[in-house]
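# Architecture and fold: a report
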Protein chains: 2
Amino acid sequence: MPERQSSRKDAIRNREAVLAAADALFSRRASPEDITMADVAAAAGVGKGTLFRAFGDRAGLLRALYEARLEPVREAVETGPPPLGPGTPPQDRVRALLDAVLCFKLDNGPLALALEDSGSDSSPYRADHYERWHGLLRAVLEQIPGLTDSDFTAHALLAATRADLVEHLAGERGIPRERMREQLAGFVAKVLAPGPRPGGTVDE
Amino acid sequence: MPERQSSRKDAIRNREAVLAAADALFSRRASPEDITMADVAAAAGVGKGTLFRAFGDRAGLLRALYEARLEPVREAVETGPPPLGPGTPPQDRVRALLDAVLCFKLDNGPLALALEDSGSDSSPYRADHYERWHGLLRAVLEQIPGLTDSDFTAHALLAATRADLVEHLAGERGIPRERMREQLAGFVAKVLAPGPRPGGTVDE
DNA sequence: TTGCAAAACGGACCCACGGTCCATATCTTT
DNA sequence: AAAGATATGGACCGTGGGTCCGTTTTGCAA
């Protein structure tokens, strides 16, 4: 696990430089997979060795970037005002949470994409940012009376905000941001609506 | 587009051989990304050149395999008896459709996985087997009165059956097949249930 | 049959990219 | 200031997808 902090100032400076350079590269629209590690290193004015020592591997860099961009959202969720923060009625919070995820993916398309299929061996489901979202969502869902299978439901709802789906709808299909938010909100509403009898009706 | 049929018998024989070998390799559980093209060629007793001439590239091979395995399902859907085939009440058919997709992914885990992140440049959403499922699902959803946004809903429902999610739940988390089918069925039911007021209640 | 062009074969080869190595440079500490 | 510790960077490596091309097979026709 080659990711512990160093106290040497050059190391710190370089780490920042890499992060900044990568951030810039991933914002400058381009399919994420043709940004190579060498590109990032060059853009940061740093050798590849440095880059890899600082972040371990490609996934590590992506993760670090992602966490950094996610930070404000995380804070808004954990200690912010309603409807995102705690102390919001569950239904509304679920809606707000998913809306926030959607907006985040809309704003950080290429990066989110890159992270999700950084796959190599790891499914996106092992990433701990996913586990955080899922855990929180599940917990909130659990407070809604009459809703069973919160665990699965949380996964299914999050699946509707997968980066590649969002990218496809926004990019290929040209669906505008607000429209997509409405559609997702509508979908979430349906899932949360107190249906007649949720479980049981499986015929086989 | 190097994928048209050849009439020469050696070409045909080899194509079959490759398909069979690949099928075997992808069934013999192993993460799909450590089955290389060279492996497939070797297993089929064929040179790499042959393999690539027959299928164009890795994605092409995967696609061909996938379509082949999907064939029976497709047939059951298009011309089979209820609840999968046509002439089924929309609600039931949607449920059956998604159940079929789920089962397919459960049965063909590694292959589906491999195909979905064969990404390179293409999102899974550009694949035409996806478009088929989505188109059909949307059409069926459209027949359900009071259901808006069928297009998005179809995407969202299919997202709940993404190969990596299914793999994660079945593998990592050890959720048994039947349980997962129930959960998905429950989820679908919620989405289809005639909620109080489907649209509109977006507070922001 | 045999002759011959068209088509397919296969495996050596190429190259891009993630990742490692290590001689050298930079820091920190006393 | 000297030494031990730590970081640097770019040459280098392995892997795997994809290509090339001299050789072989096939199918048609004479």
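Note: the structure precedes this text.
First, a word on what this report is: a plain description of the structure on this page.

Right, let's get into the overall build of chain A. Within chain A, the regular secondary structure consists of ten helices and zero strands. Counting helices and strands in the order they occur from the N terminus, chain A gives α-α-α-α-α-α-α-α-α-α. Dimensions along the principal axes, computed over C-alpha positions, put chain A at roughly 60 × 40 × 40 Å. Looking at chain A as a whole, 50% of its 204 residues are labelled buried. When contacts within chain A are restricted to residue pairs at least 6 apart in sequence, long-range pairs at least 24 apart make up 66% of them. With an accessible surface of roughly 9,900 Å², chain A has 54% of that area assigned to carbon and sulfur atoms.

The immediate surroundings of DNA strand D are formed by 21 residues, with Ser6(A), Arg8(A), Asn14(A), Arg53(A) and Lys48(B) found nearest. Backbone sugar and phosphate groups make up 60% of those atoms of DNA strand D lying within 4 Å of the protein. Measuring from a phosphate oxygen of DNA strand D, one finds a side-chain N or O atom of Asn14(A) at 2.3 Å. The contact in question runs from a base oxygen of DNA strand D to an N or O atom on the backbone of Gly49(A), over 3.1 Å. Ranked by the residues each element gives to the surface near DNA strand D, the list is headed by helix α3 (residues 48-55) of chain A, at four residues. In the surface near DNA strand D, the residues fall into four nonpolar, seven polar and ten charged.

As a further point, take the pattern of salt bridges. In this structure the tally under the stated criterion is 34 salt bridges over all chains. Between Asp151(B) and Arg173(A) there is a salt bridge whose closest N-O contact spans 3.5 Å. Of this pair, Asp151(B) sits in helix α8 (residues 150-159) while Arg173(A) sits in the loop between α9 (163-172) and α10 (177-192), on two different chains. Among the residues examined, Asp151(B) registers a relative accessible area of 18% and is labelled buried.

This next bit is on the environment of Arg138(B). All names here are of chain B. Position of Arg-138 relative to the elements: it lies in helix α7 (residues 128-142). Judged by relative accessible area, which is 29%, Arg-138 ranks as partly exposed. Sequence separation between Arg-138 and Asp-149 is eleven residues; the distance between their C-alpha atoms is 9.0 Å. Residues within four places of Arg-138 in sequence aside, it is in contact with Ser-150, Asp-151 and Ala-154.

This brings us to the interface of chain A and chain B. Across the boundary between the two partners, chain A contributes 44 residues, which contact 44 residues of chain B. Where chain A abuts chain B, roughly 3,800 Å² becomes buried across the two surfaces, and 59% of that area is made up of carbon and sulfur atoms. It is Phe152(A), Phe187(A) and Lys190(A) in chain A that bury the most area against chain B; as a group they hold 19% of the surface buried on that side. Here chain A and chain B share eight salt bridges between them.

About the criteria used
- Residues numbered from 1 in each chain as written.
- Chains lettered and ligands numbered in written order.
- Predicted model: local features only at pLDDT ≥ 70, side-chain atom pairs only at ≥ 80, totals over all residues.
- Heavy atoms only, no water.
- Helix = DSSP H or I, 4+ residues; strand = E, 2+ residues; numbered from the N terminus.
- Buried < 20%, exposed > 50% of the residue type's maximum accessible area, 1.4 Å probe, protein only.
- Contact = heavy atoms within 4.5 Å.
- Areas by Shrake-Rupley, 256 points an atom, 1.4 Å probe, with all protein chains shown as cover.
- Near = heavy atom within 4 Å.
- Polar contact = N/O pair within 3.5 Å; in protein donor to acceptor, adjacent residues only side chain to side chain.
- Nonpolar A, V, L, I, M, F, W, Y, C, P; charged D, E, K, R; others polar.
- Salt bridge = Lys/Arg side-chain N within 4 Å of Asp/Glu carboxyl O.
- Buried area = accessible area lost by both parts, 1.4 Å probe.

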